[in-house]
Amino acid sequence: MTVHAPATLVEPTRIDEDLAQLASLIDDTTPGYTRQALTDIDIAGRQWVLRRFRDAGLDSRIDAAGNVIGILPGTNPAAGTLMTGSHTDTVEGGGRFDGNVGVVAALEAVRTLRETGTTLTHDLMVVDFFAEEPNRFGLSCLGSRALMGHLSAADLNRRDEHGTRLGDALPGAGLNAVDMLSAAVETGTIRAFLELHIEQGPYLEAHGSQIGLVTSITGITRFRGLFSGRRDHAGTTPMSHRRDAGCAAAGTVLAIEAIASSHPDGRGTTGAVTFSPTAVNVITETATLTGEFRSPDLDWLADAASQLDVAAQAQASQRGVELQLDWVPSESPALMDTSLLDICAGATEDLGLHQSRLYSGAEHDAAIIAKHIPTAMIFIPSQDGRSHCPEEFTHAAEIVDGATVLLNALIRIDKAATAGRAR
Ligand SMILES: [Zn+2]
């Protein structure tokens, strides 16, 4: 890193050590790095983060939504708060950088501010958000939703495949539904949110950029299809007489791929497909299918949904199969704040780092928060674009670059917000 202007520098060995400690707090019965929300190992991880926040001199607690929160007081209590952080829960068999990097870098920013005697006007709120990754209840970003007042009783009534309500699973993590629904903060007092995260894709590496500035976070629309055909003998029923629900579902899987491939920023994925019965000598009577489309383009998402309605219906009706296609309420794309992005760009440039602007195809807490608070995200490269797997890797030097940009951007946002109010 060639520093072009005076900058505050983080301590690389502390970042390494924190990441190594978190990487050791995992469910070792599963390959890769697993610390899923609502498990004992996640509780242990959050307690470790809480101790680390306290060691760094933050006024720290775990809130009613399970978020680990640390506050570094600013010089003017009336100025409001700047917020930074990410998550430390993982997918099953995931990597050790996703989310962890943003929490550890935020913590290192605080340590550096204190050691260098750098004071901020605003309070700095560092957060390890609870349950960012999708869970068995099909709802991600639980902690940030609750903090933003974005979590509903209906959300907590969601059930897993065994019929357990999300609200009833919370006590296992030391939480409860009533308190979680009242965990919202006064969002008007939070002036900005900044999240550092690994890219989880190949863009930065391909463009030789150390830093990515996220312009928007993808929108997502998800669906569930139920195909109802007729059970018949596999040997005696001619092909022309079949009502094969499995074939209708299979045709729909390929339609999802074709629709998404028609747009450069379109993504379409099939989740689970089930056939019943599964006997090889019986024609499939019912098939279920889950899938999603993602894009930063809201119009395309709507268009993709209507294309799939038509395609799935055609797959069903040409086989005499009934179709019920249900759409889950979608997340619209989240736009990042352009003033914050410009401040991050200035900090990156002055540190002599190469930057690109890109959109995020992955969901993040920042997408929930951006709907209430000016928000920006800083990405650092992922080797070979791999993520949500044990091979997920980002070089230590790249993490240090990201943490340094985060720290210096926070200092600049503090100054800009203070000056903005003085005018
Ligand atoms: Zn993440």
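Analysis parameters
Residues numbered from 1 in each chain as written. Predicted model: local features only at pLDDT ≥ 70, side-chain atom pairs only at ≥ 80, totals over all residues. Heavy atoms only, no water. Axes fitted to C-alpha atoms, helices over the stretch in contact; angles between N-to-C directions. Helix = DSSP H or I, 4+ residues; strand = E, 2+ residues; numbered from the N terminus. Parallel < 35°, antiparallel > 145°, perpendicular 65-115°, else oblique. Left-handed = near helix turned anticlockwise from the far one by under 90°. Contact = heavy atoms within 4.5 Å. Nonpolar A, V, L, I, M, F, W, Y, C, P; charged D, E, K, R; others polar. Salt bridge = Lys/Arg side-chain N within 4 Å of Asp/Glu carboxyl O. Buried < 20%, exposed > 50% of the residue type's maximum accessible area, 1.4 Å probe, protein only. Pairing = 2+ DSSP bridges. 1 Å grid on protein atoms, 1.4 Å probe; cavity = no way out; pocket = protein on both sides within 12 Å on 5 of 7 lines; lining within 4 Å. Points joined across faces, edges and corners; volume = space filled by probe spheres on them. Domains from an automatic or database assignment. Buried area = accessible area lost by both parts, 1.4 Å probe. Core = buried A, V, L, I, M, F, W, Y, C linked by side-chain atoms within 4.5 Å. Phe/Tyr/Trp six-rings, centres within 6.5 Å; stacked < 30°, edge-to-face > 60°.

Visitor: Help me out: how do you make sense of the packing of helix α1 (residues 12-24) against helix α3 (residues 100-115) in this one?
Guide: When two helices pack together, their arrangement is captured by the angle between the axes and the distance separating the axes. One way to put it is that α1 packs onto α3 with a least axis distance of 10 Å and a crossing angle of 140°. Between α1 and α3, the crossing angle belongs to the class labelled oblique. The interaxial crossing formed by α1 with α3 has right-handed handedness. Only Asn100, Val101, Val104, Leu107, Glu108, Arg111, Thr112 and Glu115 of α3 make contact with α1, whose side of the interface consists of Arg14, Ile15, Asp18, Leu19 and Leu22. Per-class residue counts for the contact of α1 with α3 are six nonpolar, two polar and five charged.

Visitor: Teacher, can you tell me more about the pattern of salt bridges here?
Guide: Side chains that carry opposite charge are capable of pairing whenever their charged atoms lie near each other. Within this structure, the stated rule accounts for 18 salt bridges. Among the ionic pairs, Arg294 bridges to Glu292, the shortest N-O distance being 2.6 Å. Residue Arg294 is classed as buried on the basis of its relative accessible area, which comes to 16%. By relative accessible area, Glu292 is classed as buried at 13%. Each member of the salt-bridge network shares a partner with another, and the members are Arg14, Glu17, Asp18, Arg52, Glu108, Arg111 and Glu115.

Visitor: What is the right way to read the sheet that holds strand β8 (residues 267-276) from this model?
Guide: Hydrogen bonds between backbone atoms are what pair the strands of a sheet, whose relative direction is either parallel or antiparallel. Strand order across the open sheet formed by four strands is β8-β9-β7-β10, with antiparallel pairing between neighbours. Looking at strand neighbours, the two that pair on one side only are β8 and β10 (322-331), the edges of this open sheet. The average undirected angle you get between the axes of adjacent strands in this sheet is 15°. Against the sheet, helix α10 (residues 298-317) makes contact with β7 (219-228), β8, β9 (286-295) and β10, and its axis sits at roughly 165° relative to β10, the strand it touches most.

Visitor: Even after reading the chapter, I still don't get empty space enclosed by the protein, so can you show me in this structure?
Guide: Summary: where empty space remains is shown by rolling a probe the size of a single water molecule over the atoms. Going through the model one piece at a time under the given rule, you end up with three cavities of 30 Å³ or more. If you add up the space inside the largest cavity, you get close to 60 Å³. Considering the residues around the largest cavity, the lining is formed by Cys141, Thr218, Ile220, Glu331, Ser332, Glu363, His364, Ala367, Ile368 and Lys371. Residue composition of the lining of the largest cavity, by class: four nonpolar, three polar and three charged. Quantified by volume, the second largest cavity comes out at close to 40 Å³. Together, Leu22, Ala23, Ile26, Tyr33, Arg35, Thr90, Gly95, Arg96 and Asn100 line the second largest cavity. Here the lining of the second largest cavity is built from residues that sort into four nonpolar, three polar and two charged.

Visitor: Would you mind showing me how to read the domain arrangement of the protein here?
Guide: How big an interface is tends to be stated in terms of the accessible area lost upon association of its parts. What the domain assignment reports for the protein is domain 1 (12-218 + 333-422) and domain 2 (219-331). One C-alpha centre belongs to domain 1, the other to domain 2, and the line joining them spans 35 Å. Taken together, the contact between domain 1 and domain 2 spans 12 residues of the former and 12 residues of the latter. Looking at the side of domain 1 facing domain 2, the largest losses of area belong to Thr218, Pro333 and Tyr359, adding up to 58% of the total buried there. Counting across the interface, domain 1 meets domain 2 through two salt bridges. We note a salt bridge from Glu331 to Arg145, for which the minimum N-O separation is 3.2 Å.

Visitor: Looking at this structure, how should I read the nonpolar core?
Guide: Counting residues in hydrophobic clusters, the biggest one holds 78 residues, and the most contacted among them are Met83, Leu124, Leu194 and Ile378. Beyond its immediate stretch of four places on either side in the chain, Leu124 contacts Gly70, Ile71, Leu72, Leu82, Thr84, Val110, Leu113 and Leu410. In terms of nonpolar packing, the next biggest core, distinct from the first, is built from 20 residues, Ala249, Ile259, Ala260 and Ala304 among them.

Visitor: Quick question: what am I supposed to make of the packing of aromatic side chains here?
Guide: Aromatic ring pairs are described here by two measures, namely the spacing of the ring centres and the angle between the planes. Following the criterion strictly, the structure yields five aromatic pairs and no others. Consider the rings of Phe223 and Trp327, whose centres lie 4.9 Å apart with planes at 55°: the pair is tilted. Of this pair, Phe223 sits in strand β7 while Trp327 sits in strand β10; the two residues are 104 residues apart in sequence, bridging distant segments of the chain. For the ring pair Phe293 and Trp300, a centre distance of 5.9 Å and an interplane angle of 85° mean the geometry is edge-to-face.

Visitor: Help me out: how do you make sense of the pairing of strand β13 (residues 375-380) in this one?
Guide: Each regular strand shows side chains that alternate between the opposite faces of the sheet. Taken across its six residues, β13 has six buried, putting it largely inside the fold. Neither face of β13 is open: one carries Thr375, Met377 and Phe379, the other Ala376, Ile378 and Ile380, and all of them are buried. Sheet analysis places strand β5 (residues 190-198) next to β13, joined by six bridges and oriented parallel. Note that in β13 the partner of Glu195 across the bridge is Met377. Relative to β13, strand β6 (residues 211-217) runs antiparallel, the two sharing two bridges. Note on β13: the bridge partner recorded for Leu213 is Ile378.

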